[in-house]
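# Descriptive structure summary
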Amino acid sequence: MNLVIEIGNSRTKVAFFSSTEMIASYSYENFTSAVLEELIKKFPGTGNAILSSVASVDESLVNLLKKNCSFFSGTKPPDCGSGYK
């Protein structure tokens, strides 16, 4: 089972896949490590995770993914500095 998490500016989208089939998808305005922990319990066969974000990511989410998934790939926004327009 594969877990995909996309953290946007206003919502977080979560989907679980088995091979190429989407098993379940969710959308959250407030996605916390407690929510992620419940989802991992609901889908115990989750072995792989991908996290993509345009916002800052709570380190507890990253740690929970690393603890529960055999593969983890994360992205975060680049540090553009104060000169970004």
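Note that the structure is predicted; figures quoted are calculated from it, not measured.

## Topic: the confidence of the model for the protein
In the predicted model, the protein carries a mean pLDDT of 85, and the fraction of residues at 70 or more is 82%. When the elements of the protein are averaged for pLDDT, strand E5 (residues 71-74) gives the smallest value, 64, and strand E3 (residues 21-28) the largest, 97.

## Points about the packing of helix H1 (residues 33-42) against helix H2 (residues 59-68)
Closest axis-to-axis distance for the H1/H2 pair is 9 Å, and the angle between their directions is 20 degrees. With respect to H2, the element H1 is oriented roughly parallel. Of the two elements, H1 crosses H2, and the hand of that crossing is right-handed. Mapping the contact onto sequence places Ser33, Leu36, Glu37 and Ile40 in H1 and Ser60, Leu61, Leu64, Leu65 and Asn68 in H2. Of the residues contributing to the contact of H1 with H2, the split by class is five nonpolar, three polar and one charged.

## Things to note about the nonpolar core
Ranked by internal contacts, the top residues of the largest apolar core, which has 19 residues, are Leu3, Ile5, Val14, Phe31, Leu36 and Leu65. Residue assignment for this core shows that the elements contributing at least two residues are strand E1 (2-7), strand E2 (12-18), E3, H1, strand E4 (48-53) and H2. Looking at which element gives the most residues to this core, the answer is H2, with four residues. Not counting the four nearest positions on each side in its chain, Leu36 is found in contact with Leu3, Ile5, Phe31, Leu61, Leu64 and Leu65.

Analysis parameters
- Residues numbered from 1 in each chain as written.
- Predicted model: local features only at pLDDT ≥ 70, side-chain atom pairs only at ≥ 80, totals over all residues.
- Heavy atoms only, no water.
- pLDDT = per-residue confidence, 0-100.
- Helix = DSSP H or I, 4+ residues; strand = E, 2+ residues; numbered from the N terminus.
- Axes fitted to C-alpha atoms, helices over the stretch in contact; angles between N-to-C directions.
- Parallel < 35°, antiparallel > 145°, perpendicular 65-115°, else oblique.
- Left-handed = near helix turned anticlockwise from the far one by under 90°.
- Contact = heavy atoms within 4.5 Å.
- Nonpolar A, V, L, I, M, F, W, Y, C, P; charged D, E, K, R; others polar.
- Core = buried A, V, L, I, M, F, W, Y, C linked by side-chain atoms within 4.5 Å.
- Buried < 20%, exposed > 50% of the residue type's maximum accessible area, 1.4 Å probe, protein only.

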